[in-house]
Amino acid sequence: MQVALIQEAASLDPAVNRARLAELVPGDADLVVLPEAFARDFGEAGSGLSGSAETLDGPFATEVDRLARDRRTTVVAGLFENNPDSPERPWNTLVVRGTVHEDYRKIHLYDSFGYRESDVLAPGALDPVTFPLGGFTVGLMTCYDLRFPELARALVDRGADVLVVPSAWVAGPRKVDHWTTLLRARAIENTVYVVGAGQPGPRYTGHSMVVDPLGDVVASTGDGPAVLRAELDPSVVSRARDTNPSLANRRL
């Protein structure tokens, strides 16, 4: 399976971000991963996000679907989704469109490092989301979710052998090290591929990365805008699980 990670910054103008999709989404990958909150950036810390929230059949998700179908691929991208139960606190949602149609609402909100994401966003239901694609089962996580190994394991228990992690990982001391270490840790402990696509610097860390099931970095980039490509092979997962059968050796 050919994957493309689009490390590009989102602006505060949803129309601009939506228009850029046509130039950013390639037609030669099986899976295209854009960052968290690509439909509209978070803005200043603590800013309200309800004014930029959309429905799952709104303009951003519709354009993602149109391009993905036109280019015969599957696209994962982040938006803020209208929440009728709490209009001032939308969901932080990943939409998967094209050959697959799925949605995932971020479970773990970024109440850490001085931020309070839960003040302006609502958490999603405790319902891990996976989907089949290209001989793999893909599990979805968003940014801060990466710090919770129990979610990764819940996805693996649902069959995931690839974890896709769109992010807007805020820059700061130790943050690049945390991001890259956690991507590799989730891969090693679960013997899965991990695909982490982030927004670039200076506000975010960038350093998008693809890690294989034994923790080797297949592809990586720095903190600037970039398109990162990698090939995922199901046989690599099988061989890794023969070498390190830690999932089979669990005692529950």
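None of these values were measured; they are calculated from a predicted model.

Engineer: Before we move on, could you go through the sheet that holds strand β9 (residues 193-198) and cite the residues and values that matter?
Structural biologist: Here 6 strands make up an open sheet; going across it, the order is β6-β7-β8-β9-β10-β11 and the pairing mixed. With partners counted over all chains shown, the strands left at the sheet margins are β6 (130-133) and β11 (217-220), one partner each. Pairs of neighbouring strands in the sheet enclose a mean axial angle of 20°, with direction left out of account.

Engineer: Kindly report on helix α1 (residues 14-24), identifying the contributing residues and their values.
Structural biologist: Among all positions in α1, only Asn-17, Arg-20, Leu-21 and Leu-24 are buried. End-on, the buried residues of α1 take up no more than an arc of 125°, which puts them together on one face. Exposed positions of α1 whose direction lies more than 90 degrees from the buried face are Ala-19 and Glu-23. Packed against the buried residues of α1 are β1 (2-7) and α2 (59-70). Two or three places before Ala-15, at the opening of α1, Asp-13 has a side-chain oxygen 2.9 Å from that residue's backbone nitrogen.

Engineer: An account of the nonpolar core is requested, with residue identities and associated values reported.
Structural biologist: By size, the foremost hydrophobic cluster in this structure holds 48 residues, and its most contacted members are Leu-31, Leu-140, Val-162, Leu-163, Val-164, Val-195 and Leu-232. For Leu-163, the residues in contact, after removing those within four places along its chain, are Gly-139, Met-141, Ala-152, Leu-155, Arg-186, Val-192, Tyr-193, Val-194 and Val-195. Grouped together as the second largest cluster of nonpolar side chains are 20 residues, Ile-6, Ala-29, Val-32 and Phe-38 included.

Engineer: Describe unusual backbone geometry, listing the residues and the values that go with them.
Structural biologist: Here the bond from Gly-201 into Pro-202 is cis, since omega is 10°, no more than 30 degrees from zero. Along the chain, the position of Pro-202 falls in the loop between β9 and β10 (209-211). Non-glycine residue Arg-72 carries a positive phi angle of around 55°. Mapped onto the fold, Arg-72 is located in the loop between α2 and β3 (74-81). The phi torsion at His-207 lies on the positive side, around 55°, for a residue other than glycine. In this fold, His-207 is placed in the loop between β9 and β10.

Engineer: I'd like a rundown of the sheet that holds β1, residues and numbers included.
Structural biologist: Strand order in this open sheet of 6 strands is β5-β4-β3-β2-β1-β12, and the pairing throughout is mixed. Since the sheet does not close on itself, it has two edges, and those belong to β5 (102-105) and β12 (226-231), each with one partner. Each adjacent strand pair in this sheet contributes to an overall mean axis angle of 20°, direction not counted. Pairing of strand β4 (residues 91-98) with β5, which is carried by 4 bridges, proceeds in the antiparallel orientation. Each residue of the ladder has a partner; that of Thr-93, found in β5, is Arg-105.

Definitions and cut-offs
Residues numbered from 1 in each chain as written. Predicted model: local features only at pLDDT ≥ 70, side-chain atom pairs only at ≥ 80, totals over all residues. Heavy atoms only, no water. Pairing = 2+ DSSP bridges. Helix = DSSP H or I, 4+ residues; strand = E, 2+ residues; numbered from the N terminus. Axes fitted to C-alpha atoms, helices over the stretch in contact; angles between N-to-C directions. Buried < 20%, exposed > 50% of the residue type's maximum accessible area, 1.4 Å probe, protein only. Arc of directions from axis to C-beta. Contact = heavy atoms within 4.5 Å. Polar contact = N/O pair within 3.5 Å; in protein donor to acceptor, adjacent residues only side chain to side chain. Core = buried A, V, L, I, M, F, W, Y, C linked by side-chain atoms within 4.5 Å.

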